[in-house]
Amino acid sequence: MYPTYQVFVAMTISLVLTAVLFPLWIRLLRAGNIGQQVRADGPQGHLIKQGTPTMGGVLILLVVAVVFFIMQLFVMHHVGRQIVLVVVVMLACGVLGFIDDWSKVSRERSLGLKPRAKLIWQGIIAIAFCLLAVNWAHVPSWVQIPLTSTKIDFAALTSTLSIGGLSIAVPWPYLALVFTMVSAESNAVNLTDGLDGLAAGTVTIVTFAYSGIAFKQDSLATALLAASIGGACIGFLWHNSYPADIFMGDTGSLGLGAAIAALAVITKTELLLVIIGGIYVIETLSVIAQVGSYKLTGKRVLRMAPIHHHFEMLGWSETKVMVRFWIITGVMAGLGFAMFFFQDARL
């Protein structure tokens, strides 16, 4: 089977499975009265979404994992260590998101886990991922400057720990970078998940860009996983498009955000993630600017944060904001891929 065909098959199977299985999942969630809790201080038009089934991310992540491992075992006949770690970090952050979602549903409020507790667990997952990536999966701890052949050694300050006879290298600068990437990206996708179809659409575009990068690197396993994520998100969009029948919840947003960060690590495009996932940078900076401005001056720079709500408050329809943010994501992901292609061609 040709590699391009395998990637297309993985994407298609994930897409069809999610699209077909979600009606059943939605019925199960409604039967269990598992619905979205809407912020009281959010846009007033969102109050009608109260009670809409959530935790769609459970099905997205399960479909991605199942399709990917089936493709790996029956087509490639083996599963590589690096890509296993990506799946594990995706599912681990998905479980954290599930706990957060369940806390909201069971307590019938829009706030779940405390931010500090969530960040601590994201940190634990990120640290475990980094140490396993470096010591078990042999991911190099250098970082390449985009558009150049320059590589910065992030292992310059490394400690070696001996645990149970095993020597574990701890590259502190790289560990800090990976911690920042995983926690920031998972939270950024979570921030973006505020409009029907917005997070799923942007994740689709970003993961397809990473599928192309992995394919160019001859890493078929990584391309298959990224394509599976994109396909599953498209299938989810059939039910999440405005007006949404279901939301992905923190289960989906935290898991998918962590997967994007992990894909950047194993493809050695850590810095390019800022461009490829630029929409998440914009969303995060809008919240930082809003909070910082209010604390320092008592004034808000946006009508509401994150920035997609600001445009809603200006009178843009939810669909208009979503589509325009998709376009911005496409431009930035395309630019990031072009930068990688140019860099790879020079090398």
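Residues numbered from 1 in each chain as written. Predicted model: local features only at pLDDT ≥ 70, side-chain atom pairs only at ≥ 80, totals over all residues. Heavy atoms only, no water.

As for the nonpolar core
- If you look at the biggest cluster of nonpolar residues, it comprises 95 residues, and the most contacted ones within it are Tyr-174, Tyr-210, Leu-225 and Ile-229.
- In terms of residues, this core owes the most to one element, helix H7 (residues 220–240), which gives 12 residues.
- With residues up to four places along the chain from it excluded, the contact list for Leu-225 reads Val-64, Phe-68, Ile-83, Val-86, Val-87 and Leu-263. (Core = buried A, V, L, I, M, F, W, Y, C linked by side-chain atoms within 4.5 Å. Buried < 20%, exposed > 50% of the residue type's maximum accessible area, 1.4 Å probe, protein only. Helix = DSSP H or I, 4+ residues; strand = E, 2+ residues; numbered from the N terminus. Contact = heavy atoms within 4.5 Å.)

Quick notes on the state of the cysteines
- Taken as a whole and assessed by the stated rule, the structure comprises zero disulfides.
- Sulfur of Cys-93: no disulfide; nearest cysteine sulfur belongs to Cys-130 and is 14 Å away.
- Relative accessible area serves as the criterion here: at 0%, Cys-93 is assigned to the buried category.
- Judged by relative accessible area, Cys-130 falls into the buried class, the value being 1%. (Disulfide = S-S within 2.5 Å.)

Structural notes on the side chain of Glu-185
- Secondary-structure assignment places Glu-185 in helix H5 (residues 172–192).
- No salt bridge is formed by the buried Glu-185. Its closest oppositely charged neighbour is Lys-118, at 15 Å.
- Among all residues touching Glu-185, those that are not within four sequence positions of it are Thr-180, Gly-257, Ile-260, Ala-261, Leu-273 and Tyr-280. (Lys, Arg positive; Asp, Glu negative; His and termini not counted. Salt bridge = Lys/Arg side-chain N within 4 Å of Asp/Glu carboxyl O.)

Topic: the confidence of the model for the protein chain
- Residue-level pLDDT values for the protein chain average 91, and 93% of them are 70 or greater.
- Across the protein chain, the secondary-structure element scoring lowest on mean pLDDT is strand S3 (residues 158–163), at 88, and the one scoring highest is helix H9 (residues 273–276), at 98. (pLDDT = per-residue confidence, 0-100.)

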